[in-house]
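If you want the building blocks of each chain, they are given just below.
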Amino acid sequence: MKKTPVFLESLVTNMLRLRAICPFSWRVFQFRPISCEPLIIQMNKCTDEEQMFGFIERNKAILSEKQVGCAFDMLWKLQKQKTSLLKNAEYVRDHPQFLTLHNLATNKFKLMNDDTLVNVLYVTQQFAGEAHDPLVEALVTEAWRRLERFDIKLLSEFSSCLADQHLYFSPLMGKIADIVHRNLETTQDLSSLSVLMVNISSLISRHFQQQLVNKTELLFDTIDSSEVNVAKSIAKFLRNVRYRYQPLLERCNNVFLSNVDHLDLDSISKILSVYKFLQFNSFEFIIMAKKKLTEMIPLCNHPASFVKLFVALGPIAGPEEKKQLKSTMLLMSEDLTGEQALAVLGAMGDMESRNSCLIKRVTSVLHKHLDGYKPLELLKITQELTFLHFQRKEFFAKLRELLLSYLKNSFIPTEVSVLVRAISLLPSPHLDEVGISRIEAVLPQCDLNNLSSFATSVLRWIQHDHMYLDNMTAKQLKLLQKLDHYGRQRLQHSNSLDLLRKELKSLKGNTFPESLLEEMIATLQHFMDDINYINVGEIASFISSTDYLSTLLLDRIASVAVQQIEKIHPFTIPAIIRPFSVLNYDPPQRDEFLGTCVQHLNSYLGILDPFILVFLGFSLATLEYFPEDLLKAIFNIKFLARLDSQLESIGGMDGTQQQIFKMLAEVLGGINCVKASVLTPYYHKVDFECILDKRKKPLPYGSHNIALGQLPEMPWESNIEIVGSRLPPGAERIALEFLDSKALCRNIPHMKGKSAMKKRHLEILGYRVIQISQFEWNSMALSTKDARMDYLRECIFGEVKSCL
């Protein structure tokens, strides 16, 4: 008997199997549509949620996983088409058919493709009411399982879903950061990358941060100039990592400027917030934003939108606009939420608005919600109310009680630092032993920023804590010693300039404790060889803020600038020059250093922000360096038209200056022989002015002498009894300047650049300049009124020209 070929046996077997399962297959598929396309078309024809819910109810038994995903997508599209006032997410979430769709997704999510899975997760989160939605948890877990196969677009969308759940520090976000790092070299989609950069910014190293910035610069030209969202994400990333990287900010700013007509209130508000945080100045954007926001004033008639407008426009508005904003806010103030009231208070601080009625209304809302604020928000409330001179005992009593209760239960160094700082700003800044012990408990974990904040707070207590002076000062001084110990220990154990730079970013040199500043400078000198083109701008900026003259560090900065100038971005040059100007120091290779820096910046002068250009000119002027190209760039009509320059208002004299004024009047023979707060040509303010004739006899001013702290109507309007502004033969005009501690370097009695340049300018204008240092004025040698009177007589009538 002939054997049946094997392939025929196989064919027959398969046919039999197919026949066996055909009835089952027919039973399964006969109720499903031939194509899923008709159902999707039906969904796309729905014009409101009710139609969608009716569709879900009719077809729930036959919806596939793809159709379930389309249903979620359609519900979200319908929601997005509504204005903010008409959106009804709660209605959708609570509808029975949404629960049906929710259950269908729970049963079918493992069958969904990657795009559908992530999209369903996103939409579910937008409608979610529960803190822990089981479907959301299941979708996140499934997405984690598939993570490695996601492309960059899908990865960015999934990371945004995690960000919406505040999972910035989760292992899953860490996994995403690792995938981005591994694939960065081949990534070409800046739109997706920029979103990922924002979402992983809390987890990345400094090296990875720089890689992302470099990649962004490479890809920036690949995006369309209308890609505002990409530019917003890049700017937000720089804010998150506290990196004021001028080149990228300038490019983002150009995108914003070219699309300003299409920016809405929310976008403008966020951009201005980033610029403020990074201290990035864009004159053109502020002007355009101000115009557009002003046009929105009559259109914002709801508290949520008007608060956003108030916060964005208030600090940059003109007097009329500010008046309109405040009057409208007064009408809406009773309807503010706690979060909105806090935002309004912050804006009032930025506006320096001390409108008592509005402050009273806003603080009434704050008082109502005080228990719901977090420590950082309580600090902001304390800072703003202190700045606005708010005084209400019951409010501060409750605030103090709340801060102390937080402090007793807090173990996080940064949070303890925030709470202690807030308490130190209160009218009664006393801290008991429990508070001091809480500070001592977290000291070993503190960074330099925390330690500096604690030291400032303790010094404030010592200055104001008179009631507990006898039994508390010793403990406070002991705490200061411990702060000093841990600060020195942290600096001495620093083994990397990069790690130290990270702490310097949030540290203000002018508030850094005196006892640690020298150790900080010594640590920076230890890492001097590591200063290079990448970090030289940051190091220079920090030194500018310290008022500490370290010739070794400044010489190193100058050397790096000269040797590595081609690698330094031109926009970093003003920061590099600034410490030499502030500290009035010329490096050995002064001309080569300044010439190299200016030459490197020359081709960019036309695109620099006007304020930066003016401050650069000011810095170079203090160093007596006047490059021709820079002067031409500043002193031309086109540039001056861009520059919205205005004189800062000059306030009244402080107590010390009033004391000097009275003594000068006595020394010179009457108040009509001395003039206060004089404004000279080129707008230098002179604390006190007097005129002596050739016999060194004081000449009286006219009867229209200005009051204390006021400005004359015109420069040189001295009103002395002399025709014109010329002095009699042999007479001299004397400018007497009172120099506070900010006029000198912190470590040595070396005058800083601004004061030195002012002295030179006044001498060119014909003044004999007498500069009185507060250290000299408050010394033991001048502890009596008679000694001070003799001192003034010697300065004015003697041969002494500078009393420093």
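This text goes with the structure placed above it.
To start, this report covers the structure provided alongside it. None of these values were measured; they are calculated from a predicted model.

Considering the overall build of the chain
Phase 1 of the analysis: Counting secondary structure elements, the chain contains 39 helices and four strands.
Phase 2 of the analysis: By the burial criterion, 48% of the 804 residues in the chain qualify as buried.
Phase 3 of the analysis: In the chain, of all internal contacts separated by at least 6 residues, the share reaching a separation of at least 24 is 74%.
Phase 4 of the analysis: Surface accessibility of the chain: about 41,700 Å² in total, with carbon and sulfur atoms responsible for 54%.

Some details on the sheet that holds strand β1 (residues 675-679)
Phase 1 of the analysis: Within the open sheet, the four strands sit side by side as β1-β2-β3-β4. Their pairing is mixed. In this open sheet, the two edge strands, each paired with only one partner strand, are β1 and β4 (767-773). Averaged over all neighbouring strand pairs, the angle between strand axes comes to 40°, with direction disregarded.
Phase 2 of the analysis: Examined bridge by bridge, strand β2 (residues 685-692) and strand β3 (residues 732-739) share five bridges and lie antiparallel to one another. Within the sheet, the bridge partner assigned to I691 lies in β3 and is R733.
Phase 3 of the analysis: Sheet contacts for helix α37 (residues 753-764): β2, β3 and β4; angle to β4, the most-contacted strand, approximately 155°.
Phase 4 of the analysis: Those strands touched by helix α39 (residues 785-797) are β2, β3 and β4, and its axis lies near 155° from that of β4.

Side note on the packing of helix α21 (residues 375-387) against helix α22 (residues 393-408)
Phase 1 of the analysis: Packing of α21 against α22 brings their axes to within 11 Å, and their N-to-C directions diverge by 150°. Classified by the interaxial angle, the pair formed by α21 and α22 is roughly antiparallel. Crossing handedness for the pair α21 and α22: left-handed. Only F395, F396, L399, L402, L403 and Y406 of α22 make contact with α21, whose side of the interface consists of P375, L378, I381, T382 and L385.

Regarding the environment of S225
Phase 1 of the analysis: By the secondary structure assignment, S225 is in the loop between α12 (206-219) and α13 (228-240).
Phase 2 of the analysis: Sequence separation between S225 and N254 is 29 residues; the distance between their C-alpha atoms is 8.5 Å.
Phase 3 of the analysis: What S225 contacts, discounting residues up to four positions off in sequence, is V255, S258 and N259.

So, a nonpolar patch on the surface
Phase 1 of the analysis: A grouping of F626, L631 and F635 is seen on the molecular surface, where their side chains present a nonpolar patch of about 350 Å² in accessible area.
Phase 2 of the analysis: Judged by relative accessible area, which is 36%, L631 ranks as partly exposed.

So, the environment of D224
Phase 1 of the analysis: Relative to the helices and strands, D224 is located in the loop between α12 and α13.
Phase 2 of the analysis: D224 gets classed as partly exposed once you look at its relative accessible area, which sits at 44%.
Phase 3 of the analysis: A polar contact of 2.5 Å, which involves the side chain of D224, links it to the side chain of S226.

A short note on empty space enclosed by the protein
Phase 1 of the analysis: This structure, assessed with the given rule, holds three cavities of 30 Å³ or more.
Phase 2 of the analysis: Taken as a whole, the largest cavity spans an internal volume of roughly 50 Å³.
Phase 3 of the analysis: Forming the walls of the largest cavity are L404, L407, K408, L431, D432, V434, G435 and R438.
Phase 4 of the analysis: Those elements that provide at least two residues to the lining of the largest cavity are α22 and α24 (433-442).
Phase 5 of the analysis: Across the lining of the largest cavity, the residue classes break down as four nonpolar, one polar and three charged.
Phase 6 of the analysis: Every residue lining the second largest cavity is listed: L664, L668, V674, F688, E689, C690, I734, L736 and I796.
Phase 7 of the analysis: Those elements that provide at least two residues to the lining of the second largest cavity are α36 (655-668), β2 and β3.
Phase 8 of the analysis: Split by residue class, the lining of the second largest cavity holds eight nonpolar, no polar and one charged.

About the thresholds
- Sequence order as written defines residue numbering, which begins from 1 separately in each chain.
- Only residues with pLDDT of at least 70 get local features here, since the model is predicted, and only at 80 or more are side-chain atom pairs given and counted; chain-wide, interface and lining totals rely on the full set of residues.
- Only hydrogens and water are set aside; all other atoms, that is, all heavy atoms of the structure, feed into the side-chain values.
- Secondary structure counts use DSSP, requiring at least four H or I residues in a row for a helix and at least two E residues in a row for a strand, with both numbered from the N terminus.
- Relative accessible area decides the class of each residue, using a 1.4 Å probe on protein chains only: under 20% of the type maximum gives buried, over 50% gives exposed, and in between gives partly exposed.
- Only heavy atoms matter for contacts: two residues are in contact if any of them lie within 4.5 Å across the pair.
- In these tables, accessible area is a Shrake-Rupley quantity obtained with a 1.4 Å probe, and a residue counts as shielded only by the protein chains included in the view.
- At least two bridges found by DSSP between two strands are what make those strands a pair.
- Lines are fitted to the C-alpha atoms to define the axes, a helix being fitted only along its stretch in contact, and any angle between axes, read from their N-to-C directions, falls within 0 to 180 degrees.
- Each angle gets one of four labels, with under 35 degrees taken as roughly parallel, over 145 as roughly antiparallel, 65 to 115 as roughly perpendicular, and the rest as oblique.
- Handedness of a crossing follows from how the near helix is turned relative to the far one, being left-handed for an anticlockwise turn of less than a right angle and right-handed for a clockwise one.
- Patch members must show over 30% relative accessible area and no salt bridge, and they are joined within 9 Å when carrying like charges or within 5 Å when they are nonpolar side chains of Val, Leu, Ile, Met, Phe, Trp or Tyr.
- Salt bridge, as used here, is a side-chain nitrogen of Lys or Arg placed within 4 Å of a carboxyl oxygen of Asp or Glu.
- Whenever a nitrogen or oxygen atom comes within 3.5 Å of another N or O atom, the pair is scored as a polar contact, on the condition that within protein one atom can donate a hydrogen and the other can accept it, and that pairs from neighbouring residues in sequence are kept only if both atoms are in side chains.
- Cavity: a set of points on a 1 Å grid over the protein atoms alone where a 1.4 Å probe fits but cannot get out. Pocket: an open set with protein on both sides within 12 Å along at least five of seven lines, its lining residues, like those of a cavity, having an atom within 4 Å of a point.
- Grid points are joined across faces, edges and corners, and a volume is the space filled by probe spheres set on the points.
- Ten residues, namely Ala, Val, Leu, Ile, Met, Phe, Trp, Tyr, Cys and Pro, are considered nonpolar, four, namely Asp, Glu, Lys and Arg, are considered charged, and the remaining ones, Gly among them, are considered polar.

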